Amino acid sequence: MIRLIYASAATCDFSESKLMQLLGKARSNNETANVSGLLLYAKGNFFQVLEGEKSAVEVLFSRIQQDERHTSVVVLDRSEITHRNFPNWSMGFKNLEQFDKTQLRGYNDFLERQLTAEDFGEIGPDVIYLIEQFKRIW
Ligand code: FAD
């Protein structure tokens, strides 16, 4: 299995209902493909973890990359794994616009900024840390 983490920038405003629409589709597709993970949204940026069989994750990711609702897709981590971090989630989700970020240990202000592809490279390790935090507090 592999775990793939990427960041991207939304190309349009994502209202709560638009996010829910995206998630509804994602969850049913992911369940079929046995892909689990987490999607975070903050200030127009997405951070997503996809985990599952390598081929299933890669096929899904190539579809996601082509989605015109976001751009500047930057892979932050692509690792082989022996177990899933989010086994029960076809796609866990947090809209960080409505989340008390001070709950996050070692809170980093990158969640308050609209980031560019260059920024994504720099904050890679922070995002991975953030995702670990979500596993702890969920
Ligand atoms: P359909 O839903 O029929 O979509 C067909 C095409 O229309 C696709 O090209 C799609 O990009 C586009 N499309 C669909 N709805 C809209 C819309 N409301 N506005 C504009 N274009 C649209 N999909 C998953 O299956 N799992 C995921 O975990 C996942 N995560 C995503 C994360 C992000 C940040 C984004 C932006 C998209 C994500 N998607 C995910 C959606 C993915 O990119 C594809 O849209 C989806 O997988 C296609 O599903 P489908 O083959 O059933 O086709």
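Residues numbered from 1 in each chain as written. Predicted model: local features only at pLDDT ≥ 70, side-chain atom pairs only at ≥ 80, totals over all residues. Heavy atoms only, no water.

**Thoughts on the environment of isoleucine 128**
Logical step 1: Along the chain, the position of isoleucine 128 falls in helix α3 (residues 117–137).
Logical step 2: What makes isoleucine 128 partly exposed here is its relative accessible area of 23%.
Logical step 3: With 122 residues separating them along the chain, isoleucine 128 and tyrosine 6 place their C-alpha atoms 9.9 Å apart.
Logical step 4: Excluding residues within four positions of it along the chain, isoleucine 128 makes contact with Arg3, Ile5, Leu76 and Asp77. (Helix = DSSP H or I, 4+ residues; strand = E, 2+ residues; numbered from the N terminus. Buried < 20%, exposed > 50% of the residue type's maximum accessible area, 1.4 Å probe, protein only. Contact = heavy atoms within 4.5 Å.)

**Remarks on the UniProt feature "domain: BLUF" (unreviewed entry) in the protein chain**
Logical step 1: Using the residue numbers shown here, the UniProt feature "domain: BLUF" (unreviewed entry) corresponds to residues 1–92.
Logical step 2: Between the end C-alpha atoms of residues 1–92 there is a gap of 19 Å, over a span that is 33% helix and 39% strand. (UniProt positions renumbered as here; feature names shortened; annotations may be inferred.)

**Digging into the site of the ligand**
Logical step 1: In the region of the ligand, 17 residues are neighbours, and Lys25, Asn29, Asn30, Gln48 and Asp67 sit closest.
Logical step 2: Interatomic distance of 3.0 Å between a side-chain N/O atom of asparagine 29 and an oxygen atom of the ligand.
Logical step 3: Between the ligand and arginine 69 there is a distance of 3.1 Å, counted from an oxygen atom to a side-chain nitrogen or oxygen.
Logical step 4: For the ligand, whose accessible area on its own is 910 Å², the fraction buried by protein is 66%.
Logical step 5: Given that more than half its atoms are within 2 Å of the pocket grid, the ligand belongs to the largest pocket.
Logical step 6: Contributing elements (two or more residues each) for the shell around the ligand: α1 (16–33), β3 (45–52) and α2 (54–65).
Logical step 7: The biggest single contributor to the shell around the ligand is α1, with 6 residues.
Logical step 8: Broken down by class, the residue content of the shell around the ligand amounts to 8 nonpolar, 5 polar and 4 charged. (Near = heavy atom within 4 Å. Polar contact = N/O pair within 3.5 Å; in protein donor to acceptor, adjacent residues only side chain to side chain. Areas by Shrake-Rupley, 256 points an atom, 1.4 Å probe, with all protein chains shown as cover. 1 Å grid on protein atoms, 1.4 Å probe; cavity = no way out; pocket = protein on both sides within 12 Å on 5 of 7 lines; lining within 4 Å. Sits in = over half its atoms within 2 Å of the grid points. Nonpolar A, V, L, I, M, F, W, Y, C, P; charged D, E, K, R; others polar.)

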